Amino acid sequence: GGSSNTASGLVSSVSGGWNNTASGIDSSVSGGSSNTAPGLVSSVTGGWGNIAGITDGGEYSSVSGGTLNKAIGEVSSVSGGVSNKAKGNHSSVTGGAYNIASGADSSVSGGSSNTASGLVSSVSGGWNNTASGIDSSVSGGSSNT
């Protein structure tokens, strides 16, 4: 379905939408527009301009929706929001805007401009918070480290 879609990866699929590409092996894009799934067994459910995986990494990554989100760490995910990045292996960003989960096993639950860069670190929300230590967490507020 849809228009101008490409499913070029082995066992890949694009179900609908416009200008979507599933180029990774066993990758999929369900809908939306200008979404890309180049990672092995990676998926984008919808939204606009989202990326799940990279050509040589980011296996088993997923983006559920939103705009301009990237899940490029292995087994990473972004659930939605705007311009969020799950770069660490096993990392996740649930939503919000401009959040980054770059540490392995790290997470950012929401808010804006938050970073979880430490191993097993988390930021629950707020604005401009950073959890950079191993097993560190910031619950919210602004400009906390």
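Refer to the preceding data block for the structure.
Just so it is clear, the model here is predicted, and its values are computed rather than measured.

**Describing the overall build of the protein**
The helix and strand tally for the protein stands at zero helices and 18 strands. The C-alpha radius of gyration computed for the protein amounts to 15 Å, which stays within 12% of the reference 15 Å derived for 145 residues, consistent with globular compactness. Looking at the 145 residues of the protein, the share that counts as buried comes to 39%. The long-range share in the protein, meaning contacts at least 24 apart out of those at least 6 apart in sequence, stands at 0%. Summing over all exposed atoms, the protein offers an accessible surface of approximately 6100 Å²; the carbon and sulfur share of this is 51%.

**Brief notes about the environment of glycine 47**
With respect to the helices and strands, glycine 47 occurs in the loop between strand E6 (43–44) and strand E7 (51–52). Residues glycine 47 and glycine 32 lie 15 residues apart in sequence; the distance between their C-alpha atoms is 4.7 Å. When near neighbours in sequence (up to four residues on either side) are disregarded, glycine 47 contacts Gly32, Ser33, Asn35, Gly65 and Gly66.

**Regarding unusual backbone geometry**
Within the chain, serine 4 stands out as a residue other than glycine whose phi angle is a positive 60°. In this structure, serine 4 sits in the segment before strand E1 (6–7). Using a relative accessible area of 48% as the deciding quantity, one classes serine 4 as partly exposed. At serine 113, a residue that is not glycine, the phi angle is positive and equals roughly 60°. Along the chain, serine 113 falls in the loop between strand E14 (107–108) and strand E15 (115–116). By relative accessible area, serine 113 is classed as partly exposed at 27%.

**Some points on a nonpolar patch on the surface**
A grouping of Leu10, Val11, Ile25, Leu40, Tyr60 and Val75 is seen on the molecular surface, where their side chains present a nonpolar patch of about 580 Å² in accessible area. Secondary-structure assignment places leucine 10 in the loop between E1 and strand E2 (13–14). Owing to a relative accessible area of 57%, leucine 10 belongs among the exposed residues under this scheme.

**Considerations on the sheet that holds E14**
One open sheet holds the nine strands; their spatial order is E2-E4-E6-E8-E10-E12-E14-E16-E18, and the pairing between them is parallel. Where the open sheet ends on each side, the last strands, each with one partner, are E2 and strand E18 (137–138). Strand direction decides the pairing type here: strand E12 (residues 92–93) and E14, joined by two bridges, are parallel. Its bridge partner lying in E14, serine 92 is registered against serine 107.

**So, the environment of serine 28**
Mapped onto the elements of the fold, serine 28 is located in strand E4 (residues 28–29). Residue serine 28 is classed as partly exposed on the basis of its relative accessible area of 22%. In sequence terms serine 28 and alanine 52 are 24 residues apart; their C-alpha atoms lie 9.4 Å from each other. When neighbours within four sequence positions are excluded, serine 28 is seen to be in contact with Ser13, Ala22, Ala37, Ser42, Ser43 and Val44.

Conventions and cut-offs
- Residues numbered from 1 in each chain as written.
- Predicted model: local features only at pLDDT ≥ 70, side-chain atom pairs only at ≥ 80, totals over all residues.
- Heavy atoms only, no water.
- Helix = DSSP H or I, 4+ residues; strand = E, 2+ residues; numbered from the N terminus.
- Rg over C-alpha atoms; globule rule 2.2 N^0.38 Å.
- Buried < 20%, exposed > 50% of the residue type's maximum accessible area, 1.4 Å probe, protein only.
- Contact = heavy atoms within 4.5 Å.
- Areas by Shrake-Rupley, 256 points an atom, 1.4 Å probe, with all protein chains shown as cover.
- Patch = residues over 30% accessible without salt bridge, like charges linked within 9 Å, V, L, I, M, F, W, Y side chains within 5 Å.
- Salt bridge = Lys/Arg side-chain N within 4 Å of Asp/Glu carboxyl O.
- Pairing = 2+ DSSP bridges.

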